[in-house]
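Remarks on the overall topology
Here is what each chain is made of, one letter per residue.
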Amino acid sequence: TNRQDERPGKQRLLVVANRLPVSAVRDGVESYHLEISVGGLVSALLGVKEFDTRWIGWAGVNVPDEVGRRALTKALAEMRCIPVFLDEEIVNQYYNGYCNNILWPLFHYLGLPQEDRLATTRTFQSQFDAYKTANQIFADVVNMHYEEGDVVWCHDYHLMFLPKCLKERNDKMKVGWFLHTPFPSSEIHRTLPSRTELLRSVIEADLVGFHTYDYARHFVSACTRILGLEGTPDGVEDRGKLTRVAAFPIGIDSERFIQALELPEVQAHMKELKERFAGRKVMLGVDRLDMIKGIPQKILAFEKFLEENSHWRDKVVLLQIAVPTRKDVPEYQRLASQVHEIVGRINGRFGTLTAVPLHHLDRSLDFHELCALYAVTDVALVTSLRDGMNLVSYEFVACQASKKGVLILSEFAGAAQSLGAGAILVNPWNITEVAASIGYALDMPADEREKRHQFNFRHVKTHTSQEWAATFVSELNDTIVEAQLRTRQ
Ligand code: G6P
């Protein structure tokens, strides 16, 4: 078949995620240019090479007309991507509304939207309806491209309704679902009005994966307490049917970072940065501008550190890269103004005519600039209030082979479970503790830095995104689809 011709010997893997690894930006009626998307999921899966992988997802742009849709489908095909078209109203209700205003904050323990509770209650149902409609549209596209023997791997909180939709269309389809965010305690999940429908759909998958053992355990508790099912050491059992539930901690394509450091343009950026910040220690934060990242908490801790340590004021600089994200959601707009206000205050208080202690950038950097920045950093600060894994911490470690800088890492990031022994773990809500950790990190003796770095570097080098994906898909292959079981009996 043509499958074999495409990537001989490789299994076909359909990766279904809300966002494709590239987003389309419309230049004209029929022309688009493609930009690499940001976010943990994309950066992890780009490194996966052992499968004949197709991506199915939303192109991040509204294309109402057939001509535009055909043009974009063709452009994306070259990147092995298949677009799912969603109209503007659905995107607003499904993506801005249900996904990013309800599920995202809830799964990160920020609760359901607090403002105007009654309005929230009224819009909730229509947003959930749009969510289900969007998931049905995804399912139709997957079903159209599915060939027998493919494995279908659904990703993240946008697509919790998808396993059910897929099994309804073809019960022989092998379906995995992986969550890139935390799965919260069942007591949090049970506040969600659609708690039951979502859990019922997810357990239709053959394999359900999370970053950490705790998230997997929370999910199993939610199924036992809310659905009344039985939890087993392997997963969740519903009338004799087992859904396997397990932890699969993600990683990065560490070689890509390590090798990039040798490139002349990266070296040139490093030289520039070193000259620019000569005589000062460099501290770095890289985050999407998202409330879960604890950016205000981070810069308030930095302010406290400067307040209490006047001798450091002209010897340290914090570079905070805050990549804009989900700009149509009001909560994100409020966060941006809040952060800008604190940044202005700190620079007003501690800046001089020639230097400021805090550089805040509202944009992303290209890959080479980012690698250079990671490599020249003395102390990286990851202060997420909750974070599924946090791959920035992995990327920083991968680029630190010569500098052996210090990672200050929130204990509420999934990465704390894997990089905890090498990092300084902090509670980001405790500004005093974070400020003290900054001082400790800046003064840390070389032998301690070396030891901590080696621990983390070994981990990041061996637990890669490739290995993560291979493990998940091989376990998925090993599960027995119930329809197959019925045929055998
Ligand atoms: C997180 C989510 C991803 C998402 C990314 C970027 O990493 O787990 O699913 O793609 O954020 O957010 P966005 O809303 O721009 O896709």
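All of the points below concern the structure found in this document. These numbers were taken from a predicted model, which means no experiment stands behind them. Each chain has its residues counted from 1, following the order in which its sequence is written. The model is predicted, so local features are restricted to residues of pLDDT at least 70 and side-chain atom pairs to those at 80 or more, both for listing and for counting; the totals for chains, interfaces and linings are taken over all residues. Values shown for side chains rest on all heavy atoms present in the structure; no hydrogens or waters enter the calculation.

Points about the overall build of the protein
Helix and strand content of the protein: 20 helices and 17 strands. In this treatment the radius of gyration is a C-alpha quantity, and the globule benchmark scales as 2.2 Å times the residue count to the 0.38 power. Taking 23 Å as the expected radius of gyration for a compact globule of 489 residues, we find that the protein reaches 23 Å, a close match to that expectation. Overall, the protein is about 75 × 50 × 50 Å in size when its C-alpha atoms are taken along their principal axes. For the protein, the proportion of its 489 residues judged to be buried stands at 56%. Contacts were defined at the residue level, with two residues in contact if any of their heavy atoms lie within 4.5 Å. The long-range fraction of contacts in the protein, counting pairs at least 24 apart against all pairs at least 6 apart in sequence, stands at 78%. Residue burial considers only the protein chains on display, and all accessible areas are found by Shrake-Rupley using a 1.4 Å probe. Taken as a whole, the protein presents about 20,800 Å² of accessible surface, with 51% of it coming from carbon and sulfur. Each helix is a run of DSSP H or I of at least 4 residues and each strand a run of E of at least 2, with the numbering of both proceeding from the N terminus. The rule is simple: take the accessible area with a 1.4 Å probe, protein chains only, and divide by the maximum for that residue type; under 20% is buried, over 50% is exposed, in between is partly exposed.

Here's the deal with the sheet that holds strand β14 (residues 358-361)
We call two strands paired when DSSP finds no fewer than two bridges between them. Read from one edge of the open sheet, 6 strands run β14-β13-β12-β15-β16-β17, paired in parallel fashion. Single-partner strands in this sheet number two, and they are β14 and β17 (424-426). Within the sheet, the average angular offset between the axes of one strand and its neighbour, ignoring direction, is 20 degrees. Bridge count between strand β13 (residues 316-323) and β14: 4 bridges; the pairing is parallel. Residue pairing in the sheet places Leu319 in a bridge with His359 of β14. Note on definitions: angles span 0 to 180 degrees between N-to-C directions of axes, and those axes are lines fitted to C-alpha atoms, for helices only across the stretch in contact. Lying over the sheet, helix α12 (residues 295-308) contacts β12 (281-288), β13, β14 and β15 (379-382), oriented at roughly 170 degrees with respect to β13. Sitting on the sheet, helix α17 (residues 431-442) touches β12, β13, β15, β16 (406-410) and β17, and the angle it makes with β17 is about 170 degrees.

So, the side chain of Ser201
Tracing the backbone shows Ser201 in helix α8 (residues 195-202). On the basis of relative accessibility, which here comes to 0%, the residue Ser201 falls in the buried class. Every residue in contact with Ser201, bar those within four places of it in the chain, is listed here: Met160, Phe161, Leu162, Pro163 and Lys164.

Digging into the packing of α12 against α17
Between α12 and α17, whose axes approach to 8 Å, the crossing angle comes to 65 degrees. Taken as a pair, α12 and α17 cross one another with a handedness that is right-handed. Together, Gln297, Leu300, Ala301, Phe302, Lys304 and Phe305 of α12 and Ile431, Thr432, Val434, Ala435, Ile438, Gly439 and Leu442 of α17 make up the contact between the two elements. Crossing handedness: left-handed means the near helix sits turned counterclockwise from the far one by under a right angle, and right-handed means the same turn made clockwise.

Description of the packing of helix α11 (residues 264-276) against helix α14 (residues 367-376)
Where α11 contacts α14, the two axes come as close as 8 Å, and the packing angle between them is 50 degrees. The angle between α11 and α14 places the two elements in the oblique class. Where α11 crosses over α14, the two elements pack in a sense that is right-handed. Here Glu265, Val266, His269, Met270, Leu273 and Lys274 of α11 come into contact with α14, specifically with His368, Glu369, Cys371, Ala372, Leu373, Ala375 and Val376. Angles below 35 degrees are treated as roughly parallel, those above 145 as roughly antiparallel, those between 65 and 115 as roughly perpendicular, and all remaining angles as oblique.

Some points on the pairing of β13
The buried count for β13 comes to 8 of 8 residues, which makes it a mostly enclosed element. The side-chain alternation of β13 yields two buried faces, one formed by Val316, Leu318, Gln320 and Ala322 and the other by Val317, Leu319, Ile321 and Val323. Strand direction decides the pairing type here: β12 and β13, joined by 8 bridges, are parallel. Within the sheet, the bridge partner assigned to Val282 lies in β13 and is Val317. For the segment spanning β12, α12 and β13, crossover handedness is right-handed. Orient the strands so they point away from the viewer, and a crossover whose first-strand-to-second-strand path over the helix runs clockwise is right-handed.

Some words on empty space enclosed by the protein
To find the voids left in a structure, one rolls a probe of water-molecule size over its atoms. Cavities and pockets were defined on a 1 Å grid built from protein atoms only: a cavity is a group of points that admits a 1.4 Å probe but offers it no way out, a pocket is an open group of points flanked by protein on both sides within 12 Å along at least five of seven lines, and a lining residue is one with an atom within 4 Å of any such point. Grid points are joined across faces, edges and corners, and a volume is the space filled by probe spheres set on the points. As enumerated under the stated definition, the model contains 2 cavities of 30 Å³ or more in all. The volume enclosed by the largest cavity comes to roughly 70 Å³. Around the largest cavity, the lining residues are Phe396, Val397, Gly405, Val406, Leu407, Gly422, Ala423, Arg449, Arg452, His453 and Asn456. Counting residues per element, the ones that place at least two in the lining of the largest cavity are α15 (392-398), β16 and α18 (446-462).

Observations concerning the pattern of salt bridges
Where charged atoms from two side chains of opposite charge approach closely, those side chains can pair. Each salt bridge in this description consists of a side-chain nitrogen of Lys or Arg and a carboxyl oxygen of Asp or Glu lying within 4 Å of one another. Applying the stated criterion across every chain yields a total of 28 salt bridges. Notably, a salt bridge pairs Arg349 with Glu307, separated by 2.9 Å at the nearest N-O pair. In this pair, Arg349 sits in helix α13 (residues 330-350) while Glu307 sits in helix α12, placing the two residues 42 residues apart along the sequence. Through salt bridges with shared partners, one network takes in Glu303, Glu307, Arg345 and Arg349.

Details of the sheet that holds strand β4 (residues 52-58)
Judged by pairing direction, the sheet is mixed, and its 9 strands sit side by side in the order β5-β4-β1-β6-β7-β8-β11-β10-β9 without closing on themselves. What marks the edges here is a single partner per strand, and that holds for β5 (81-84) and β9 (230-232). If you compare each strand with its neighbour and ignore which way they point, the axes differ by 20 degrees on average. Taken together, the 4 bridges between strand β8 (residues 207-210) and strand β11 (residues 241-247) define a ladder with parallel strand orientation.

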